[in-house]
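Observations on chain architecture
The lines below spell out each chain.
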Amino acid sequence: MGYYTYRTPDSYNKTTPKSVFYTTLVENMKILVATEKPFAAVAVEGIRKEIEAAGYQLRLLEKYTDKKQLLDAIADADALIIRSDVIDNEVFEAAKRLKIVVRAGAGYDNIDLPSATAHGVVAMNTPGQNSNAVAELALGLMVFAVRNFYNGKSGSELKGKTLGIHAFGNVGRNVARIAQGFGMNVIAYDAYCPDEAMIAANVQPVHSAEELYQKSNIVSLHIPATAETKESINFKLLNQMPQGAILVNTARKEVINEPELVKLMRERDDFKYLTDIMPAADEQLKQFEGRYFSTPKKMGAQTAEANINAGIAAAKQIVDFFTTGNTRFKVN
Ligand code: 3PG
């Protein structure tokens, strides 16, 4: 039997502006997995093993339909594992014992980071753990697009086409690797990635988004949703793509300027948009039959392998944080 002692930051305790020490029996530590879109059962078992081996308790809240269920479940949790679940200030306010939240995945735009910091909660992600799954789905969408959504009419092949990868992170690199297997010519733009990393992967670097879109038959989006990227994929940029252009979005819907995408689809009947994140303008885009497709629910990371990788990495990061104080993947 052991104890875990935790000191809250001064900002956490609003009534007494002083830090407070909590001491919890390790066996009373509760790790909540709250996933509106659940992990594969095999991944949950892997997470359970990690958590129980450390002597903590696992709580599971899957497929919840109401935020109230999350607010109730979080009340006595010391740690939280989530996916795209929205963790806002209200959730942090309800989470009186929370010390760490781990987003089992790459993008953490669903966590209110300033609020996490104000509540003394460490936020982490698990970069790279689900990226192959997302990349495979991106290539699947590309095949679906060039084969005319499998409508029986003669389509075309990916081989020999130029693929533009917008952001060369973990998913972008996996997309490049698989696309090369298809015989595609792969180019990439990433303002934060050195040319050498692309060249080492046999990918040709380009030095502006405009150049990428001008040169690509297909663009695959892998930029995160940030203040800088929101609505940055607009009419002017997309309209520079050549005839028969295809845009594949397995990143975030927020990066698209949707009214301008609708205008582009209306003006260019050669343009196709395929996405794994249903746009707010889904109803409007549906009028472009045969040129627009969205998965009904984000499916990119929805494989047993990705769930195991990301879920178990999240559990290990939590155990490591509590036992050694390791904050390697901290994002706040
Ligand atoms: C991510 O950011 O890791 C991906 O978008 C996957 O999100 P998901 O876990 O909600 O499927």
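Keep in mind that this is a model prediction, so the values were computed, not measured.

Contacts to the ligand come from Lys37, Arg83, Ser84, Arg103, Gly105, Ala106, Gly107, Asn130, Arg252, Lys298 and Ala301. In the environment of the ligand, an oxygen atom lies 2.8 Å from a nitrogen or oxygen atom belonging to the backbone of Gly107. Across the complex, the protein chains shield 95% of the 320 Å² of accessible surface that the ligand would expose by itself. Classifying every residue of the shell around the ligand gives two nonpolar, four polar and five charged.

On to the environment of Pro194, then. Tracing the backbone through its elements, the reader meets Pro194 in the loop between β9 (185–189) and α7 (195–200). Spatially, the C-alpha atom of Pro194 lies 8.8 Å from that of Pro205, the residues being eleven residues apart in sequence.

Accessible area lost upon the coming together of the parts serves often as the stated size of an interface. In terms of domains, the protein is made up of domain 1 (3–129 + 304–324) and domain 2 (131–294). Centre-to-centre separation of domain 1 and domain 2, based on C-alpha positions: 33 Å. The interface is formed by seven residues belonging to domain 1 together with five residues belonging to domain 2. Between domain 1 and domain 2 lies a buried interface of about 420 Å² when both sides are counted; carbon and sulfur atoms form 39% of it.

Before going further, it helps to examine the pairing of strand β12 (residues 246–249). For a regular strand, side-chain orientation follows a simple rule: the groups alternate between the two sheet faces. On β12, burial covers both faces: Ile246 and Val248 on one face and Leu247 and Asn249 on the other are all buried. Relative to β12, strand β11 (residues 218–221) is paired through four bridges, and the arrangement is parallel. Across the sheet, the residue bridging to Ile218 is Ile246, located in β12. Relative to strand β13 (residues 272–275), β12 runs parallel, the two being bridged by four bridges. By the bridge assignment, Val248 is partnered in β13 with Leu274. For the crossover that starts at β12, traverses helix α10 (residues 258–267) and ends in the parallel β13, the hand is right-handed.

The rules behind these values
Residues numbered from 1 in each chain as written. Predicted model: local features only at pLDDT ≥ 70, side-chain atom pairs only at ≥ 80, totals over all residues. Heavy atoms only, no water. Near = heavy atom within 4 Å. Polar contact = N/O pair within 3.5 Å; in protein donor to acceptor, adjacent residues only side chain to side chain. Areas by Shrake-Rupley, 256 points an atom, 1.4 Å probe, with all protein chains shown as cover. Nonpolar A, V, L, I, M, F, W, Y, C, P; charged D, E, K, R; others polar. Helix = DSSP H or I, 4+ residues; strand = E, 2+ residues; numbered from the N terminus. Domains from an automatic or database assignment. Contact = heavy atoms within 4.5 Å. Buried area = accessible area lost by both parts, 1.4 Å probe. Buried < 20%, exposed > 50% of the residue type's maximum accessible area, 1.4 Å probe, protein only. Pairing = 2+ DSSP bridges. Right-handed = clockwise from strand over helix to strand, strands pointing away.

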